[in-house]
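Coordinates in review
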Amino acid sequence: MRSGDTPQTVDGEDTDRRKTGLHDPRALQILTTEHWSLLSTRTLGYQEMFGRTTIFVAALSGTVVALALVAQATHFGP
């Protein structure tokens, strides 16, 4: 806008200000993209956590079973 021009108005609003903020149609697209990006990052974090927990529990269970078999084979007792 040049210095001598008056701002155009639509329904009493300045058209330059009307296309900023959440009135801009691109704002919804940006917010939606950010939301899905954060959601997928959270899901990947949960999957990583559950995967590591599953591996830990499997290793722990295998160790307990192995110790039980060794104790039984060597007649471990008081």
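In this text the structure is predicted, and so the values were computed from the model without any measurement.

1. Points about the overall build of the chain
- Broken down by element type, the chain carries two helices and two strands.
- With the model as given, the accessible surface of the chain reaches about 7400 Å², and the carbon-plus-sulfur share is 63%.

2. Thoughts on unusual backbone geometry
- Notably, His-75 is not glycine yet its phi reads approximately 55 degrees, a positive angle.
- Along the chain, His-75 turns up in the segment after helix H2 (25-73).
- Take His-75: its relative accessible area is 71%, and that puts it in the exposed class.

3. Some thoughts on the environment of Thr-43
- Structurally, the position occupied by Thr-43 is in helix H2.
- Of the residues examined, Thr-43 reaches a relative accessible area of 35% and is grouped as partly exposed.
- In terms of polar contacts, Thr-43 uses its side chain to reach the backbone carbonyl oxygen of Leu-39, at 2.9 Å.

4. So, the pattern of salt bridges
- Inspection of the entire model under this criterion finds two salt bridges.
- Note that Asp-24 is salt-bridged to Arg-26, the shortest N-O span being 2.8 Å.
- With its nearest N and O atoms 2.8 Å apart, the salt bridge here joins Glu-48 to Arg-52. With Glu-48 and Arg-52 both in helix H2 and four residues apart, the pair spans about one turn of that helix.
- Its relative accessible area of 58% is what places Arg-52 among the exposed residues.

5. Here we look at the confidence of the model for the chain
- Summing up the model confidence of the chain, the mean pLDDT is 84 and the portion of residues at 70 or higher is 74%.
- Predicted confidence in the chain is weakest over strand E1 (residues 9-10), with a mean pLDDT of 55, and strongest over H2, with 96.

6. Here's the deal with H2
- With 49 residues, H2 ought to run about 72 Å at 1.5 Å a step, and its terminal C-alpha atoms sit 73 Å apart, in line with that.
- Once H2 ends, the next one or two residues include His-75, with phi positive near 55 degrees.

7. As for the environment of Thr-33
- Position of Thr-33 relative to the elements: it lies in helix H2.
- Residue class for Thr-33 comes out exposed when judged on its relative accessible area of 51%.
- Among the polar contacts listed, one links the side chain of Thr-33 to the backbone oxygen of Gln-29, at a separation of 2.8 Å.

Analysis parameters
Each chain carries its own residue numbering, running from 1 in the direction its sequence is written. At least 70 in pLDDT is required for a residue's local features to be given in this predicted model, at least 80 for side-chain atom pairs to be given and counted, and no such filter applies to totals for whole chains, interfaces and linings, which use all residues. Excluding hydrogens and water, the side-chain figures rest on all heavy atoms present in the structure. Runs of E in the DSSP output that reach at least two residues are strands. Runs of H or I that reach at least four are helices, and both are numbered from the N terminus. In short, Shrake-Rupley with a 1.4 Å probe defines the accessible areas, and a residue's cover is counted only from the protein chains shown. In this scheme, a residue with accessible area under 20% of its type's maximum is buried, one over 50% is exposed, and one in between is partly exposed, where area comes from a 1.4 Å probe on protein chains only. Contacts described as polar in this section are N or O atom pairs within 3.5 Å, which, within protein, must combine one atom able to donate a hydrogen with one able to accept it, while residues neighboring in sequence count only if both atoms come from side chains. The rule for a salt bridge is simple: a side-chain nitrogen of Lys or Arg has to be within 4 Å of a carboxyl oxygen of Asp or Glu. Predictor confidence is given residue by residue as pLDDT, running from a minimum of 0 to a maximum of 100. Expected span of a helix, by definition, is 1.5 Å for each gap between consecutive residues, and there is one gap fewer than residues.

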